[in-house]
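Here's the letter readout for the chains.
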Amino acid sequence: MELRVLRYFLTVAREGNITAAANSLHVTQPTLSRQIRDLEEELGQQLLVRKSHRVALTPEGMLLRKRAEEIVAMTDKTEEEFRAMKGELSGDVYIGGGETDAMNLIAAVCRELWEEHPGIRYHLYSGNAQDVTERLDKGLLDFGLLIQPTDIAKYDYLSLPAKDTWGGDPAQGRPAGGKDMHPRGGSVRHPPDLLPAGAGGAE
């Protein structure tokens with residue numbers, strides 16, 4: 001499989017339409033259709049269900065989409081890391097986490113670093129703890145924000161001074177009044193060269 005063809009496939013999956021994907025990629029529709037057919041023949045699986053004006057992913061296509069996203073992201077990340085070795089601090093930082101107030105601390109640190117080094121680009125990935133740790137383990141994230149309790153024994157991490165509050169219905173026996181449901185707040189896994197100890201008020 002060629003990386004270029006995987007990018008073509010991801011564009012088709014995103015657009016849901018061969019013609020729209022071809023326009024986005026600046027290639028002809030027959031060329032793109034042929035590339036997708038060749039990819040299906042190479043893998044021995046049907047990847048798309050072709051309808052009147054749309055295409056939909058088969059289960060095999062959905063699997064390839066997930067794997068292709070990982071391959072393309074890892075390739076882009078590796079290229080950026082090597083470009084960053086040549087001079088000014090720049091490149092892409094990939095951050096994963098759920099919806100939590102602790103992300104405000106991360107955003108503040110990112111903004112401060114960006115003001116000093118505008119060549120840095122940040123990419124946010126939203127997901128639950130399983131999604132984030134899976135992408136960490138595959139090297140697709142530089143660091144992740146995880147709400148406790150989560151098993152983080154195998155990671156280097158810092159505890160952040162942030163707590164999420166939740167409301168509930170007293171009649172149903174659930175916490176109300178914004179009682180703290182996560183007394184330890186969040187923990188962030190990071191490589192030392194991306195988030196220095198103490199940044200963002202980390203403990």
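Each chain has its residues counted from 1, following the order in which its sequence is written. In keeping with the predicted nature of the model, local features appear solely for residues at pLDDT of at least 70, side-chain atom pairs appear and are counted solely at 80 or more, and the whole-chain, interface and lining totals rest on all residues. Remark: hydrogens and water are excluded; side-chain values derive from all non-hydrogen atoms of the structure.

1. Topic: the overall build of the protein chain
The condition is simple: Helix and strand labels come from DSSP, where a helix needs a run of H or I of at least four residues and a strand needs a run of E of at least two; each type is numbered from the N terminus. Relative accessibility decides the category of a residue: with a 1.4 Å probe and only protein chains considered, values under 20% of the type maximum give buried, values over 50% give exposed, and everything between is partly exposed. In this analysis, two residues are considered to be in contact whenever any of their non-hydrogen atoms come within 4.5 Å of each other. Throughout, the Shrake-Rupley method with a 1.4 Å probe supplies accessible areas, and for residues the shown protein chains are the sole cover considered.
Per the secondary structure count, the protein chain includes six helices and seven strands. Along the protein chain, from the amino end to the carboxyl end, the secondary structure elements read α-α-α-β-β-α-β-α-β-α-β-β-β. Expressed as a percentage of the 203 residues in the protein chain, the buried residues total 36%. Nonlocal contacts in the protein chain, meaning residues at least 24 apart in sequence, comprise 63% of its contacts between residues at least 6 apart. About 12,100 Å² of surface is accessible on the protein chain, with carbon and sulfur atoms providing 53% of the total.

2. Notes on the environment of L3
With respect to the helices and strands, L3 occurs in helix α1 (residues 3-15). The spatial distance from the C-alpha of L3 to the C-alpha of I71 is 8.2 Å, given a sequence separation of 68 residues.

3. Concerning the packing of helix α2 (residues 18-25) against helix α3 (residues 29-43)
Counted only if it meets this: Angles run from 0 to 180 degrees between N-to-C directions of axes, and those axes are lines fitted to C-alpha atoms, restricted for helices to the stretch in contact. Put simply, angles under 35 degrees are roughly parallel, angles over 145 are roughly antiparallel, angles from 65 to 115 are roughly perpendicular, and the rest are oblique. Asp, Glu, Lys and Arg are counted as charged, while Ala, Val, Leu, Ile, Met, Phe, Trp, Tyr, Cys and Pro are counted as nonpolar; the rest, among them Gly, fall into the polar class.
At their nearest, the axes of α2 and α3 sit 9 Å apart, and the two run at 105 degrees to each other. Taken together, the axes of α2 and α3 are roughly perpendicular relative to one another. Residues I18, T19, A21, A22 and L25 of α2 touch α3, and the partners they reach there are Q29, L32 and S33. A per-class count over the contact of α2 with α3 returns five nonpolar, three polar and no charged.

Remember that the coordinates give geometry; whether it matters functionally is a separate question.
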